[in-house]
Amino acid sequence: MNTTTAMPVDSGATPVASNRDNEKKARLYSLDALRGFDMFWIMGGGSIFHAISKVSGSPFWEAIDTQLEHPAWNGFHFYDLIFPLFLFMAGVSTPYSVGRELEKGKSRNQLLLRVIKRGLLLVLLGIIYNNGLQLQPVSQIRFCSVLGRIGLAYMFANIIYLYTKGRAQMIWFAGILVVYWLLLKFTAAPGFAPGDLTMEGNFASYIDRCIVPGKLYLGIHDPEGFTSTFPAISTALLGIITGNLLRNSPMLPVRKVGLMAIIGVMFIILAQLWNFDFPINKNLWTSSFVLQVGGISLLLLALFYYVIDIAGYQKWAFFFRVIGMNSILIYISGHFIDWHYTNDSIFKWLGQLIGDPINAIALSITLVFVKWLFLYFMYKKKAFLKV
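Everything quoted here is computed from the prediction, not taken from an experiment. (Residues numbered from 1 in each chain as written. Predicted model: local features only at pLDDT ≥ 70, side-chain atom pairs only at ≥ 80, totals over all residues. Heavy atoms only, no water.)

Draft legend 1. Quick look at the overall build of the protein chain. When you go through the protein chain residue by residue, the secondary structure sums to 16 helices and zero strands. Computed over C-alpha atoms, the radius of gyration of the protein chain comes to 21 Å, within 12% of the 21 Å expected from 2.2 N^0.38 for 387 residues, which places it in the range of a compact globule. For the C-alpha atoms alone, the extent of the protein chain along its principal axes is close to 60 × 50 × 45 Å. Going through the 387 residues of the protein chain one by one, you find that 52% of them count as buried. Long-range pairs, those at least 24 residues apart, make up 74% of the contacts in the protein chain with a sequence separation of at least 6. (Helix = DSSP H or I, 4+ residues; strand = E, 2+ residues; numbered from the N terminus. Rg over C-alpha atoms; globule rule 2.2 N^0.38 Å. Buried < 20%, exposed > 50% of the residue type's maximum accessible area, 1.4 Å probe, protein only. Contact = heavy atoms within 4.5 Å.)

So, in structure tokens, the structure goes:
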């Protein structure tokens with residue numbers, strides 16, 4: 001997952017996806033750029049728009065600001081897309097990494113061990129991210145995490161990829177969503193009616209309260225809980241199916257874009273219909289949520305793939321690619337680097353010069369700039385955190 005090597009940046013609009021042999025040799029430029037676009041919002045992009053909204057007081061910017069926060073429970077905002085989009089892209093990269101190793105002659109059992117190792121390492125990193133390196137009672141440790149969900153969903157989706165073909169992977173994708181829907185539809189926590197999907201009454205959170213050691217993020221519920229990781233496997237599988245299409249299908253690249261766009265729209269429509277019975281809910285990673293974010297992920301990848309890898313316009317995406325090639329590093333760096341202190345040390349004078357309230361916007365922008373310079377330095381040194 002998230003292992004790449006530096007590729008030269010194209011100086012113009014050179015179609016690089018028309019040659020299928022070249023496409024099979026290396027990861028897609030658009031994939032790293034889209035991952036960088038995704039991580040941009042976590043590394044400070046969202047804070048820029050929060051600051052603009054606060055300073056301006058404009059209803060328009062307030063509406064944008066709302067989209068950069070999670071809903072309390074049911075519903076969907078743009079910010080809900082960031083996590084599943086990353087997991088989707090981890091799946092897309094599978095045919096370019098694990099698939100390439102299969103073609104080189106490595107056995108499935110060898111790759112199985114590597115996949116399990118990567119998955120469990122991400123789980124461990126997630127625990128460290130949540131709790132730091134310190135000794136404390138098990139009851140005070142939060143074991144569930146964003147990295148842990150990525151690790152487990154990636155691991156199980158890759159195991160399915162290793163031992164099944166394309167049609168079976170599609171069946172697994174749909175089957176998991178249906179089984180999860182039925183599980184939550186006809187069960188509930190003790191004392192609640194079957195199908196209760198409140199935080200207190202839903203069956204997934206109840207199972208987590210029973211089996212997950214340590215503490216849950218919200219006491220009675222964890223948005224990265226063990227049970228709701230089950231449908232997240234489908235999110236990774238959708239990425240794998242998409243990666244298979246991009247890397248191995250003899251279809252013309254433009255037709256691949258059209259197919260991704262059509263399926264993306266269909267998924268979004270299906271998500272809205274399913275929402276009436278099984279609400280779109282990131283906290284529970286509901287099946288309708290998987291279709292919603294899956295559809296949007298397909299549309300975004302289709303757009304990036306067409307503009308960058310087919311039309312060949314790569315220069316504009318370099319900013320995002322630098323972020324995308326060290327996405328795990330920038331995600332965990334805040335626990336080891338005081339970015340706000342660094343930003344103030346370099347640019348506090350700028351904030352003082354500009355003055356209130358605009359300085360909040362300026363320092364939000366410089367914070368992203370400082371982080372990007374760090375990632376650019378790592379990029380130039382070809383130093384990428386590999387998991």
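Draft legend 2. Region of the structure containing the layout of surface pockets. A volume near 1,200 Å³ is recorded for the largest pocket. Around the largest pocket, the lining comprises 47 residues; the ones closest to its centre are His-70, Tyr-79, Tyr-129, Val-146 and Tyr-331. Elements with a contribution of two residues or more to the lining of the largest pocket: α2 (29–56), α4 (82–92), α6 (108–131), α7 (146–163), α14 (327–332), α15 (339–354) and α16 (359–380). Among the elements that take part in the lining of the largest pocket, α2 stands out by supplying eight residues, more than any other. (1 Å grid on protein atoms, 1.4 Å probe; cavity = no way out; pocket = protein on both sides within 12 Å on 5 of 7 lines; lining within 4 Å. Points joined across faces, edges and corners; volume = space filled by probe spheres on them.)

Draft legend 3. Up close: empty space enclosed by the protein. Summed over the entire model, instances satisfying the criterion amount to one cavity of 30 Å³ or more. Here the largest cavity defines a volume of roughly 30 Å³. Phe-37, Asp-38, Trp-41, Phe-78, Leu-81, Ile-82 and Leu-85 together form the lining of the largest cavity. For the lining of the largest cavity, the secondary structure elements donating two or more residues are α2 and α4. Tallying contributions element by element places α2 first for the lining of the largest cavity, with three residues. Here the residues of the lining of the largest cavity are counted per class, giving six nonpolar, no polar and one charged. (Nonpolar A, V, L, I, M, F, W, Y, C, P; charged D, E, K, R; others polar.)

Without other data, these values stay purely geometric and don't point to any function.
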